[in-house]
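Reading the structure
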Amino acid sequence: MNGDPGKMSCVDFQAQLPDLIASGEDAAAHPHVQGCARCSALLADLRTIAEAARQLFPSVEPPDEVWEQIESAIKREDEAASNAE
Ligand SMILES: [Zn+2]
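Below is a summary of the structure that appears in this document.

Conventions used here
Residues numbered from 1 in each chain as written. Predicted model: local features only at pLDDT ≥ 70, side-chain atom pairs only at ≥ 80, totals over all residues. Heavy atoms only, no water. Axes fitted to C-alpha atoms, helices over the stretch in contact; angles between N-to-C directions. Helix = DSSP H or I, 4+ residues; strand = E, 2+ residues; numbered from the N terminus. Left-handed = near helix turned anticlockwise from the far one by under 90°. Contact = heavy atoms within 4.5 Å. Nonpolar A, V, L, I, M, F, W, Y, C, P; charged D, E, K, R; others polar. Donors = N, O, S within 2.8 Å, 3.2 Å for Na, K, Ca; no water. Tetrahedral: all angles 85-135°; square planar, octahedral: opposite > 155°, others 65-115°. Buried < 20%, exposed > 50% of the residue type's maximum accessible area, 1.4 Å probe, protein only. Salt bridge = Lys/Arg side-chain N within 4 Å of Asp/Glu carboxyl O.

Time to look at the packing of helix α1 (residues 10-22) against helix α3 (residues 37-56). Put simply, α1 and α3 touch, their axes get as near as 11 Å, and they point 35 degrees apart. For α1 against α3, the interelement crossing comes out right-handed. Touching Cys10, Phe13, Gln14, Leu17 and Ile21 of α1 are Arg38, Cys39, Leu42, Leu43 and Leu46, all from α3. Its residues assigned to classes, the contact of α1 with α3 comprises eight nonpolar, one polar and one charged.

Right, dumping it as structure tokens:
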């Protein structure tokens, strides 16, 4: 492992993404995402997936806090995006 998260590859970042989200880290604030449009778009896709899952299975409780953490991470991403404008 090299110590600089800003220089990690997309593959390395995406491998860590589930752990980041599950641990409550703000994935959108990750140095790699800040410099990588591809992984920024990936987070947007995760939001779409989370919303679609809620619409498809509105009565199903999430298995744990994962969805909630995804949602809060995405909200922070939106706030960061609007603040940047
Ligand atoms: Zn990337």
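Turning next to the coordination of the zinc ion. Donor atoms from the polypeptide that bind the zinc ion are Cys10 (SG), His32 (NE2), Cys36 (SG) and Cys39 (SG), placed at 2.0 to 2.3 Å. Around the zinc ion, the four donor atoms sit at angles spanning 102 to 114 degrees, and that spread fits a shape best called tetrahedral. Look at His32 and you get buried, because its relative accessible area is 7%.

Looking now at the pattern of salt bridges. A full pass over the atoms with the stated rule returns one salt bridge. Here Arg76 makes a salt bridge to Asp26, at a shortest N to O gap of 3.2 Å. Of this pair, Arg76 sits in helix α4 (residues 66-84) while Asp26 sits in the loop between α1 and α2 (31-34), placing them 50 residues apart in sequence. Given a relative accessible area of 24%, Asp26 falls into the partly exposed group.

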